[in-house]
Amino acid sequence: MTAFSDLPEDQIEWFLSHVQEVSILAGETFVRQGDPADWLFVFLEGLFQWRGEFGGATVSLPAQAGDVSGAFPFSRMKWFTVTGRALTDGRLGKFPAALFAELIQRMPQLTTRLVAMMSDRIREGTRIEQQRDRLVSLGRLSAGLAHELNNPASAAKRASDQMRETLVKMRSANSELWRRPLEDSDKAKIEEIEASLLQSEATPSQGLALSDLEESLDSILRSYGQADSWELSAALAACHMPPDTLASLLTHLDPRMARAALVRIAASAELSTLLRTIEDSTARISKLVRTVQEYTYMDQALVQNVDVARSLEITLGTLAHSLQREIKVQRAYEPVPLLVNTVGTELNQVWTNIIENAIDAMPGGGELRVRTFREDHYVVVEIGDSGPGIPSEVKPYIFDPFFTTKGVGEGTGLGLNTVRTIVRKLGGDIQVTSKPGDTRFQVWLPWVDPTEPAEQSSNF
């Protein structure tokens, strides 16, 4: 056993004289989650497992002969947070926590080793939590972006499907026109009307206005002997066909030729509308892809001068799905770009954690306030919300690791701790003030003067 190697025999004898040896069968539990942290365990023979809820997820940690676990000297643990059970038949020793004070005096070398093990355990627990926190944030971000991408992608898909149907109508109308003799003046009339509707920038009719236009067009079509005119009148109304233009065309053409011309005109206008829908949708998708690339600083230097306002806007773009819940964003950016030298992805992580907390504080909607300004040699980014505020009894602990006011599985308590760690690594500081309706986080970061020569940066 590494923890007990090279220790004086008298110390080991004293330790063993206070150890309770327990034989255990496979599947049996030797301690349960919630039991008082009264024992240090020394695993003597067999395989064991620690299992429990850790940051909203079930975590399993193995243990085997030679390992030491359980309560350690100087630990503030009052209750076991996991359950221990045997995976095979085995033996373990139990040393009472009540004798830790005497253990510290009699076995200082063992105490030092146990404290080091406890530190390793804390670091491993923190690593697991941070990894889970990153995965949860990534999952939330991915889900939001998937939702944002789905809307334009679905719109483009619907438009492309409708284009196939519209092209069939246009081909049928063209075939009808080609089979009939058309005067050059008639062709010119049809092309003129078609071009005017395609170039029209009129606001699309909606509601009662659209219904009134359909009725007017339908009345004109019926007066010129067009049967089943309701479908054609609806198509013509959708492309803003003026009633007088329709009447003029029907006057110049015979009924069958006029109907084919009107179907062609309506189909041509509909194709133009569908193309605009596809263009707008694909432009939205491209914008989202660019936002993700900028958020992750893909294909860019690891450390660089970052404009904090642009960094904030990129982060807000990735969180657009969350900001749609009746949350109004108020911006007050310094007109001159404010630069900080940092890893861009880490800076975005700071804004993401603070903004997501602000959004969570306003489930029914509210106001998100984002401001930047310069104070001496610092860039200050202030992110505020109109939520109920942070209770005074909670505020001193919000930056502590694993502290959270959210329900199980909703938060790990590492978001703001990660924020403070990143900000301090950059030589900055973070401050918070809060009262009902006005909670503000201020992030202070060293300002980079763009007029001074750039210093050689090293990777963090």
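Located above this text is the structure these notes cover.
Model, not experiment: these values are computed from the prediction.

Thresholds applied
- Residues numbered from 1 in each chain as written.
- Predicted model: local features only at pLDDT ≥ 70, side-chain atom pairs only at ≥ 80, totals over all residues.
- Heavy atoms only, no water.
- Helix = DSSP H or I, 4+ residues; strand = E, 2+ residues; numbered from the N terminus.
- Buried < 20%, exposed > 50% of the residue type's maximum accessible area, 1.4 Å probe, protein only.
- Contact = heavy atoms within 4.5 Å.
- Areas by Shrake-Rupley, 256 points an atom, 1.4 Å probe, with all protein chains shown as cover.
- Salt bridge = Lys/Arg side-chain N within 4 Å of Asp/Glu carboxyl O.
- Expected span 1.5 Å × (residues − 1).
- Core = buried A, V, L, I, M, F, W, Y, C linked by side-chain atoms within 4.5 Å.
- Pairing = 2+ DSSP bridges.
- Axes fitted to C-alpha atoms, helices over the stretch in contact; angles between N-to-C directions.
- Polar contact = N/O pair within 3.5 Å; in protein donor to acceptor, adjacent residues only side chain to side chain.
- Phe/Tyr/Trp six-rings, centres within 6.5 Å; stacked < 30°, edge-to-face > 60°.
- Parallel < 35°, antiparallel > 145°, perpendicular 65-115°, else oblique.
- Left-handed = near helix turned anticlockwise from the far one by under 90°.
- Nonpolar A, V, L, I, M, F, W, Y, C, P; charged D, E, K, R; others polar.

### Quick look at the overall build of the protein
And then number 1: Check the secondary structure of the protein and you find 12 helices and 15 strands.
And then number 2: Considering the protein as a whole, with its 460 residues, one finds that 40% of them fall into the buried category.
And then number 3: Sequence-distant contacts, at least 24 apart, represent 77% of the contacts inside the protein between residues at least 6 apart.
And then number 4: If you sum the accessible surface of the protein, you get close to 25200 Å²; carbon and sulfur atoms cover 53% of it.

### Let's talk about the pattern of salt bridges
And then number 1: Tallied over the entire structure, the rule returns 14 salt bridges.
And then number 2: Salt-bridge contacts for Arg 106 lead to Glu 102; the nearest nitrogen and oxygen are separated by 2.7 Å. One end of the pair is Arg 106 and the other is Glu 102, both in helix α2 (residues 100-106) and 4 residues apart, which spans about a single turn.
And then number 3: Ionic pairing is found between Lys 425 and Glu 346, a salt bridge with its closest N-O pair at 2.8 Å. Note that Lys 425 is positioned in helix α12 (residues 415-425) and Glu 346 in helix α11 (residues 344-360), a separation of 79 residues in sequence.
And then number 4: Take Glu 346: its relative accessible area is 18%, and that puts it in the buried class.
And then number 5: A single network of salt bridges, built from pairs that share partners, joins Glu 367, Arg 369, Arg 371, Glu 382, Asp 438 and Arg 440.

### Here we look at α11
And then number 1: An ideal rise of 1.5 Å per residue puts 24 Å on 17 residues; α11 measures up with 24 Å between its terminal C-alpha atoms.
And then number 2: In terms of burial, α11 is largely enclosed, as 13 of its 17 residues are buried.

### A look at the nonpolar core
And then number 1: Trp 351 and Leu 368 are the most contacted members of the largest nonpolar core, which has 37 residues in total.
And then number 2: Elements represented by at least two residues in this core include exactly α9 (308-318), β10 (327-332), α11, β12 (366-375), β13 (378-385), α12, β14 (429-435) and β15 (438-446).
And then number 3: It is α11 that contributes the most residues to this core, 7 residues altogether.
And then number 4: Among all residues touching Leu 368, those that are not within four sequence positions of it are Leu 316, Leu 323, Ile 327, Lys 328, Val 329, Gln 330, Ile 355, Ala 358, Met 362, Ile 383 and Gly 384.
And then number 5: Counting 31 residues, the second largest nonpolar core, distinct from the first, contains Phe 80, Phe 95, Leu 103 and Leu 114.

### A few points about the environment of Arg 158
And then number 1: Within the secondary structure, Arg 158 is located in helix α3 (residues 108-178).
And then number 2: Residues Arg 158 and Leu 274, 116 residues apart in the sequence, show an inter-C-alpha distance of 9.0 Å.

### A short note on the pairing of β12
And then number 1: With 6 bridges joining them, β10 and β12 adopt parallel strand pairing. Within the sheet, the bridge partner assigned to Arg 331 lies in β12 and is Val 370.
And then number 2: Pairing geometry for β12 and β13, over 8 bridges, is antiparallel. What sits directly across from Arg 374, in β13, is Val 379.

### Quick word on the sheet that holds β15
And then number 1: Spatial strand order, β10-β12-β13-β15-β14: 5 strands in an open sheet with mixed pairing. Of all the strands in the sheet, the pair left with one neighbour each is β10 and β14. Direction aside, the axes of adjacent strands within the sheet are offset by 15° on average.
And then number 2: Two elements, β13 and β15, share 8 bridges in a ladder whose sense is antiparallel. Paired with Gly 384 across the bridge in β15 is Arg 440.
And then number 3: Sheet contacts for α11: β10, β12, β13, β14 and β15; angle to β15, the most-contacted strand, approximately 175°.

### Focus on the side chain of Thr 315
And then number 1: Within the element layout of this structure, Thr 315 appears in helix α9.
And then number 2: With relative accessibility at 0%, the residue Thr 315 sits in the buried group.
And then number 3: Side chain to side chain, Thr 315 and Asn 348 meet in a polar contact 3.4 Å long.

### Focus on the packing of aromatic side chains
And then number 1: Enumeration according to the criterion identifies 15 aromatic pairs in this entry.
And then number 2: With a centroid separation of 5.0 Å and 55° between ring planes, the pair formed by Phe 4 and Phe 15 is classed as tilted. Of the two residues, Phe 4 is situated in the segment before α1 (9-17) and Phe 15 in helix α1; the sequence distance between them amounts to 11 residues. The same class applies to Phe 4 and to Phe 15, which are both buried.

### A few points about the sheet that holds strand β6 (residues 68-70)
By way of backbone hydrogen bonds, the strands of a sheet pair with one another, either parallel or antiparallel.
And then number 1: Spatially, the 4 strands line up as an open sheet ordered β1-β8-β3-β6, and their pairing is antiparallel. Two strands bound the open sheet, and with one partner strand each, they are β1 (20-24) and β6. Across this sheet, the average inter-strand angle for adjacent strands is 30°, counted without regard to direction.
And then number 2: Note: strand β3 (residues 39-45) against strand β8 (residues 90-96), 6 bridges, orientation antiparallel. Bridge pairing links Phe 41 to Lys 94 in β8.

### Focus: α9
And then number 1: Of all 11 residues that make up α9, 8 are buried, and the element is covered over most of its length.
And then number 2: Buried within α9 we find Val 308, Ala 309, Ser 311, Leu 312, Ile 314, Thr 315, Leu 316 and Thr 318.
And then number 3: Sitting at the head of α9, Asp 307 places a side-chain oxygen 3.1 Å from the backbone nitrogen of Ala 309.

### A short note on the environment of Glu 194
And then number 1: Note that Glu 194 resides in helix α4 (residues 184-199).
And then number 2: Among residues more than four places away in sequence, those in contact with Glu 194 are Arg 264, Ile 265 and Ser 268.
And then number 3: Only 3.0 Å separates the side chain of Glu 194 from the side chain of Arg 264, close enough to count as a polar contact.

### Section: the packing of α9 against α11
And then number 1: Taken N-terminus to C-terminus, the directions of α9 and α11 make an angle of 55°; their axes are 9 Å apart at the nearest point. Judged by the angle between their axes, α9 and α11 are oblique. The hand of the α9/α11 crossing is right-handed. Two secondary-structure elements touch here, α9 through Val 308, Ser 311, Leu 312, Thr 315 and Leu 316 and α11 through Leu 347, Asn 348, Trp 351, Thr 352 and Ile 355.
And then number 2: Grouping the constituent residues of the contact of α9 with α11 by class yields 6 nonpolar, 4 polar and no charged.

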